[in-house]
Amino acid sequence: ITLPTYPWEAFTTPAYDEAARWTYRRFDRRAYEAAAPAPQRQRYRLLTLENRWVLLSFMPDLGGRLYELVFKPTGHNELYRNPVVKPSPWGPGPEGNGWPAVGGIEWALPVPEHGYAWAEAWGYITEPDPPAGAITLFTADAERLQLNVRVGLQPDSAAFTLDFFLENRADGPVTVSYWTNAMLAPGPANRVGPDLRFYFPGDRMRVHSADQPDLPAAGGVFPWPFVNGREVRRLGTWEGWLGFFAYPQAQAGWAAVYDTAADEGVVRVFPPSLAPGLKGFGLGWSRPIPPAAYTDDDSSYVEMQGGLTPTYDQSLTLQPGESRRWREVWYPVAGIGGVTAADADGAVHLTSTAAGLRLRLFSVTSRTGELAVADIGGELWRGLVTLDPAHPADLSLPAGQPPLRLTLTAADGSAWTLEGLYPDPGS
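Here we summarise the structure given alongside this text. (Residues numbered from 1 in each chain as written. Predicted model: local features only at pLDDT ≥ 70, side-chain atom pairs only at ≥ 80, totals over all residues. Heavy atoms only, no water.)

Quick look at the overall build of the protein chain now. Within the protein chain, the regular secondary structure consists of one helix and 35 strands. A compact globule built from 427 residues would reach a C-alpha radius of gyration of about 22 Å, and the protein chain, at 22 Å, matches this within 12%. Counting only C-alpha atoms, the protein chain reaches 65 × 55 × 40 Å along its principal axes. Per-residue burial over the protein chain gives 56% buried out of 427 residues. For the protein chain, restricting intrachain contacts to residue pairs at least 6 apart in sequence, the fraction spanning at least 24 positions comes to 63%. Taking the 34 positively charged and 47 negatively charged side chains of the protein chain as two groups, their mean positions are separated by 2 Å. (Helix = DSSP H or I, 4+ residues; strand = E, 2+ residues; numbered from the N terminus. Rg over C-alpha atoms; globule rule 2.2 N^0.38 Å. Buried < 20%, exposed > 50% of the residue type's maximum accessible area, 1.4 Å probe, protein only. Contact = heavy atoms within 4.5 Å. Lys, Arg positive; Asp, Glu negative; His and termini not counted. Charge placed at Lys NZ, Arg CZ, Asp CG, Glu CD.)

Let's shift gears to the packing of aromatic side chains. Scanning all chains against the criterion turns up 24 aromatic pairs. Ring plane angle 85° and centroid distance 5.1 Å describe the contact between Trp179 and Tyr312, whose orientation is recorded as edge-to-face. Taken together, the positions of Trp179 in strand E15 (residues 179-184) and Tyr312 in the loop between strand E25 (302-307) and strand E26 (316-318) put the pair 133 residues apart, joining distant regions of the chain. A residue is classified by how much of its surface remains accessible, and Tyr312, at 11% relative accessible area, is buried. For the ring pair Trp224 and Phe244, a centre distance of 5.1 Å and an interplane angle of 35° mean the geometry is tilted. Placement of the pair is Trp224 in the loop between strand E18 (221-223) and strand E19 (226-227) and Phe244 in strand E21 (residues 242-246), with a sequence separation of 20 residues. Accessibility assignment for this pair places Trp224 and Phe244 in one class, buried. Sitting above the plane of the Phe245 ring, Lys279 keeps its charged end 5.9 Å from the centroid. A cation sits over an aromatic face here: Arg325 above Phe165, 4.0 Å from the ring centre. (Phe/Tyr/Trp six-rings, centres within 6.5 Å; stacked < 30°, edge-to-face > 60°. Lys NZ or Arg CZ within 6 Å of the ring centre and 35° of its normal.)

Looking now at the pairing of E15. Among the six residues in E15, six count as buried, and that is most of the element. Alternating residues of E15 divide into Trp179, Asn181 and Met183 and Thr180, Ala182 and Leu184, and every residue in both groups is buried. In this structure, strand E9 (residues 104-108) lies alongside E15, joined through five bridges in antiparallel fashion. Looking at the pairing, Trp107 lines up with Thr180 of E15. The sheet contact formed by E15 and E25 spans six bridges and is antiparallel. By the bridge assignment, Leu184 is partnered in E25 with Val302. (Pairing = 2+ DSSP bridges.)

Further remarks concern the sheet that holds strand E32 (residues 378-387). The strand order E32-E31-E34-E35 describes an open sheet built from four strands, whose pairing is antiparallel. One side of each edge strand has no neighbouring strand; the edge strands of this open sheet are E32 and strand E35 (415-421). Recorded for the sheet is a direction-independent mean angle of 15° between the axes of neighbouring strands. One ladder, built from six bridges, connects strand E31 (residues 367-375) with strand E34 (residues 404-410); its direction is antiparallel. (Axes fitted to C-alpha atoms, helices over the stretch in contact; angles between N-to-C directions.)

Below is the structure:
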């Protein structure tokens, strides 16, 4: 692809981070702004991995990022895609390092606030092994901290796996921070709307930074998902920007961002014991950060991040040869109005209605089976359902006494179970 690209590299010099044992590019913003350079068209390679439900594209030349996640039933890219590559005021250090909000899902290491690796070309290995397929992306320097990300896709699944392997190959200890940063704009517009919600399990969040008059200063804890009657998880209730962490860490093995107006979103399923960090960020709504800070049009995004520590304030020290491994499952979701529970097999949105309960169920694969729904008093509903990623179930249930438990049993005896389901408090 070809993207207008501001000549940020011309305003960088090599620098070395001793704690991380990492050589990076230090950006001179003052010189860049004085020069007022214009963007030039630049070509970038894309790798694609796809099946009947999703198309994934990757950009190895700019941080190995997962650049697009297209959900084929809607035709929409659920990830933000900046039409330009433009240095922003953000990134590590007091003056930032010119991090460009390119979009997609980036692998932010070895320091917080987007890291250094986004500025590098990554290596890659394609693994065409029908019917499944995979692409492994890896940091190219083999004698320092190295990250491998293997992205796997099965033929009849809207979900893809991310297998992470982080290893210290340096000859001394390294201090490392790692965060997966998904820049999201679910739906057709490449911008976020007021009905976008952060579905993060838990009852408290910690402020990273905020321009929100009714929230505490950085480090303060606030109730979730409502603050004095305001549905703070909903972007349209915000004034300025907000960055926040799950407190005291991720409370469940899933998180989601869903735009109820577009009726689309993205789910992340992860092991909180290995990746306890969960962070959300948005640019604001009634007085947001101006788009000119990061793009040349009115596009916008939010971030859903997952890290190896609960917040940016913590870090890991890896000795030579020491490593970390973990697996995550990500997928687009649509047609269910929100997310109140999720796992690697799919997502549920449970809401209260005047007549009882409404249960909408999204499956990442094609499946037919007998669905049984029970509350604490016994069975509420039983019937045959047929699901695939383009056709979620939509069921009306008696009011019952949550929490609910659902089990979908296929003809071969395999079962998908979700339990501990409560109605969406914002419904």
